[in-house]
Every structure is written in structure tokens, then in C-alpha cells.
Amino acid sequence: MAAHLKLMAVLVVLACLGFVLEAAEAATPWLWPPGGGGDDPYCLSWRVMVEANNAKGWRAVPAPCVGYVRGYMFWGQYHRDVGSVADQAAAYAAEIAPAGAAAGDAWVLDVDDTCLSNLPYYQAKQFGAYDPAAFKAWASRGLCPGIPPMRQLFQALKGRGFRVFVVTGRDEETLGSTTEANLAAAGFSGYDRLITRGAAYRGQSAVEFKSAMRRRLVEEGYRIRGNVGDQWSDLQGDCAGDRVFKVPNPMYFVP
């Protein structure tokens, strides 16, 4: 009987090991750290260049760094980095408004990979080049998960009385209502306004469009105290705000 139990235990262990190794070979991120992990010096340097805005015009993650980016995004470091950004922004908000925000004090938040995550989409396409039609099909489903540290920051800003404007380059006609519903489902409710890209602004760069939207807010009498986005094009241009906060994103580049 004891020998039989030992044999069964060995078989179970071998079966589990086979399952894990199969998952590793398939690069399943939840079960096994994929190839090109966090110690890859080339890919680490590339990611630092991306975040420092020294790498410009890239259309896809370099092939040798796909595994590295997958590991970064799924195995904790990305979430720690986003949490650090949110903590810094929340600390700044508390510093400038210890007793509550002044009338007209506002923050601007981006949507994609700032409030809502597109990681499932980019993971499925192996972090390849941006495809407008495929991305629109994904975003139209309204299933983008919320990014927890950014949701906590959003709630902290609202709790301090700041006016919060959510500004996105998503198309107003085709994605406006879906984006609004997705934000609500992800816990982003109670912002002052969702600003999407209307027909008059199609064809403009992200910097041009977002500058125009922020300029409009300033003309309405708001003071932009903080601006949060995952792309430098979210944070550059006119009326960028008193302070900007860059959320990490090594998955794609928006000029």
C-alpha cells in the first residue's frame, strides 16, 4: 500500500512538472517567467531609453526584447513602477491641497494604459506594431481592465476636490460611448468630463490634439495642477500642467 502511494505521488509530481514545462515552452506569463527576463542588459537599456523619451519613432518592441517586455509587464515590476508613479502623484496632490483643492484646480488623465490597460491586446499580438483597425476592434469590446494604482490615484484626487478631466485620442464617434462605459466598469466614475477626439481633430498628432484640449480647459478657467499619461505625447505641448507624471509603457510609442 505504501509503495503504491509513493508511486502515485511520483506520477503526480511528474505530471505537474510536465504541465509547468509545457507552459514555459509556450511562454505563458502567469505560470513561468518568459525568456529574456529582467536581467537582460540590452533590453533594460532599451526600456530606459523609451521611458526617458530618448527612443523615438519605434513601431514595435524589438524582437530580442519581446520576452523581456512580457516579463516586465506580467511579473510585478510594471505594477510596482505604476504604483510608484501613483504614489508620487498622490503625494504631490496632498502637498498642494492639504485642506482640499481650490476652485478650478484640475488634473488631466489619459485613458489607454494610464487608466485602462491594453495589455491583453498587446500580449496577444506579441507586442507587434500598432494596427488601428485591430485596436479599434479590441477597444470596441469595452473590456479593458482598469489599472489599480491609477484608480486609487483617481479616487484620491476626487477625494481632495480636484476637478478631473479624462482626455483621450480615441475617436469620439466610434469609441466615445464604449470608452465611457469601460471607464465606469473599471471604477473610474465621477470625473468631470471625458474628452475624446472629435471629427475636427482627426489627423492631428497626439501633442497637437491634447494641447488643444488642455488649452480649452485653461480658457474655461481651470488650472491644470497635474497631468498623467503613459506617452510623452500626453505630457508635452501647450498647457501641460504644473507637473507631469509619466506612467511606464514599453509596449508601443505614440508620437
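What counts as what
- Residues numbered from 1 in each chain as written.
- Predicted model: local features only at pLDDT ≥ 70, side-chain atom pairs only at ≥ 80, totals over all residues.
- Heavy atoms only, no water.
- pLDDT = per-residue confidence, 0-100.
- Contact = heavy atoms within 4.5 Å.
- Helix = DSSP H or I, 4+ residues; strand = E, 2+ residues; numbered from the N terminus.
- Polar contact = N/O pair within 3.5 Å; in protein donor to acceptor, adjacent residues only side chain to side chain.
- Salt bridge = Lys/Arg side-chain N within 4 Å of Asp/Glu carboxyl O.
- Buried < 20%, exposed > 50% of the residue type's maximum accessible area, 1.4 Å probe, protein only.
- Axes fitted to C-alpha atoms, helices over the stretch in contact; angles between N-to-C directions.
- Nonpolar A, V, L, I, M, F, W, Y, C, P; charged D, E, K, R; others polar.
- Parallel < 35°, antiparallel > 145°, perpendicular 65-115°, else oblique.
- Left-handed = near helix turned anticlockwise from the far one by under 90°.

### So, the confidence of the model for the chain
Now for step 1: On average, residues of the chain score 88 in pLDDT, and 85% of them reach the 70 mark or higher.
Now for step 2: Here residues 2-37 scores under 50 on pLDDT; set against residues more than four positions off or in separate chains, the count is 25 contacts.

### With respect to the side chain of K246
Now for step 1: Tracing the sequence through the fold places K246 in strand β5 (residues 244-246).
Now for step 2: One polar contact links K246 to E51, side chain to side chain, over a distance of 2.7 Å.
Now for step 3: In this structure the side chain of K246 is engaged in a polar contact, spanning 2.7 Å, whose partner is the backbone oxygen of D230.
Now for step 4: Ignoring any residue separated from it by four or fewer positions in sequence, one finds K246 in contact with E51, V85, G229, D230, Q231, W232 and L235.

### A few points about unusual backbone geometry
Now for step 1: The backbone of N53 sits at a positive phi, close to 65 degrees, despite the residue not being glycine.
Now for step 2: Mapped onto the elements of the fold, N53 is located in the loop between α2 (41-51) and α3 (66-74).

### A short note on the pattern of salt bridges
Now for step 1: Overall, the coordinates contain 13 salt bridges when judged by the stated rule.
Now for step 2: Here E220 makes a salt bridge to R193, at a shortest N to O gap of 2.9 Å. With a gap of 27 residues between them, E220 in the loop between α9 (206-219) and β4 (223-229) and R193 in strand β3 (residues 193-197) connect regions that are remote in the sequence.
Now for step 3: Residue D234 is joined to K210 by a salt bridge in which the shortest nitrogen-to-oxygen separation is 2.8 Å. In this pair, D234 sits in helix α10 (residues 232-235) while K210 sits in helix α9, placing the two residues 24 residues apart along the sequence.
Now for step 4: Classification of D234 as buried rests on a relative accessible area of 5%.
Now for step 5: Take K210: its relative accessible area is 6%, and that puts it in the buried class.
Now for step 6: Through salt bridges that share partners, D105, R223, R225 and D242 make up one connected network.

### Section: the environment of L183
Now for step 1: By secondary structure assignment, the location of L183 is in helix α8 (residues 172-185).
Now for step 2: For L183, a relative accessible area of 0% puts it in the buried group.
Now for step 3: Remark: the alpha-carbon pair of L183 and L194, spanning eleven residues in sequence, is separated by 9.7 Å.

### Observations concerning the packing of helix α6 (residues 132-140) against α8
Now for step 1: Running from N to C, α6 and α8 cross one another at 35 degrees; their axes reach a closest spacing of 9 Å. Packed against α6, whose contacting residues are K136, A139 and S140, the element α8 presents T174, L175 and T178 at the interface.
Now for step 2: Class assignment of the residues belonging to the contact of α6 with α8 gives a composition of two nonpolar, three polar and one charged.

### Here we look at the packing of α2 against α3
Now for step 1: Two elements in contact, α2 and α3, have axes whose closest approach is 10 Å; the angle formed by their N-to-C orientations is 65 degrees. Our classification of the angle between α2 and α3 gives roughly perpendicular. Judged by the sense of rotation from one axis to the other, the crossing of α2 with α3 is right-handed. Between α2 and α3, the residues in contact are C43, L44, W46 and R47 and Y68, V69 and Y72, respectively.

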